[in-house]
Amino acid sequence: DQQVKQNSPSLSVQEGRISILNCDYTNSMFDYFLWYKKYPAEGPTFLISISSIKDKNEDGRFTVFLNKSAKHLSLHIVPSQPGDSAVYFCAASERTSGTYKYIFGTGTRLKVLA
Amino acid sequence: NAGVTQTPKFQVLKTGQSMTLQCAQDMNHNSMYWYRQDPGMGLRLIYYSASEGTTDKGEVPNGYNVSRLNKREFSLRLESAAPSQTSVYFCASDWDSLFGYTFGSGTRLTVV
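The present account deals with the structure reproduced in this document.

A closer look at the nonpolar core
Residues and elements named next belong to chain A. Membership of the largest hydrophobic core comes to 24 residues, with the highest contact counts inside it found for V4, F33, W35, L73, L75 and Y88. Elements supplying a minimum of two residues to this core: strand 3 (19-25), strand 4 (32-38), strand 5 (45-51), strand 7 (62-67), strand 8 (72-77), strand 9 (86-93) and strand 13 (108-113). The greatest single-element share of this core, amounting to four residues, is contributed by strand 9.

Observations concerning the pattern of salt bridges
Under the criterion given, the structure shown has five salt bridges over all chains. Between K56 of chain A and E58 of chain A there is a salt bridge, with the nearest N and O atoms lying 3.7 Å from each other. The class of K56 of chain A is partly exposed, set by a relative accessible area of 42%. With relative accessibility at 52%, the residue E58 of chain A sits in the exposed group. With its nearest N and O atoms 3.1 Å apart, the salt bridge here joins E79 of chain B to R77 of chain B. Look at E79 of chain B and you get partly exposed, because its relative accessible area is 44%. Three or more residues are tied together by salt bridges with common partners; here these are R36, D38 and R44 of chain B.

Rules of the game
Residues numbered from 1 in each chain as written. Chains lettered and ligands numbered in written order. Predicted model: local features only at pLDDT ≥ 70, side-chain atom pairs only at ≥ 80, totals over all residues. Heavy atoms only, no water. Core = buried A, V, L, I, M, F, W, Y, C linked by side-chain atoms within 4.5 Å. Buried < 20%, exposed > 50% of the residue type's maximum accessible area, 1.4 Å probe, protein only. Helix = DSSP H or I, 4+ residues; strand = E, 2+ residues; numbered from the N terminus. Salt bridge = Lys/Arg side-chain N within 4 Å of Asp/Glu carboxyl O.

Written out as structure tokens, the structure reads:
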């Protein structure tokens, strides 16, 4: 039973437009959420995070929105650039045993078309 | 460069062989993790170590063992490899998980 779901395996967007990547979760105890970006043959790199006490967090072109009642978060990239083409994973966690163990979604492959 | 180093990068094993995947970090992080990535499955946690001297099971620990040798090193051992363990394995570490993990570049393992 997947606790973190990314229902869109892929997404194509024109350069300069907005990319919206979605993520749903089932565990209401999750209180911290991350987005990672992954290029081929590399490890995932941390992109942006959000705590459950917030509903929005911005970092440059990247904004993450959290809707706790719907158990839904989304990543907005504006404007999208060809270098943003990668696989994006969302991850969710609750603090247990003194650390956060993240559950990852299956990823969405974003392709930004020049 | 500071970060997480995984060795080897590629490995082919025959069914039943054993091997150890090595991971080392030089960022003085307390916690370390092993994940596997499979098509359509995302990243799944195998084992983690919240601090030196402790290890705990994640989502998919069966068929694996780990050792937290010291604060820097966290190894993953396959005692008797099976084709179902064909995957890309990522090691990660963090000082405070609220800032996200730092991942290594991965080990691509094929079991034939």
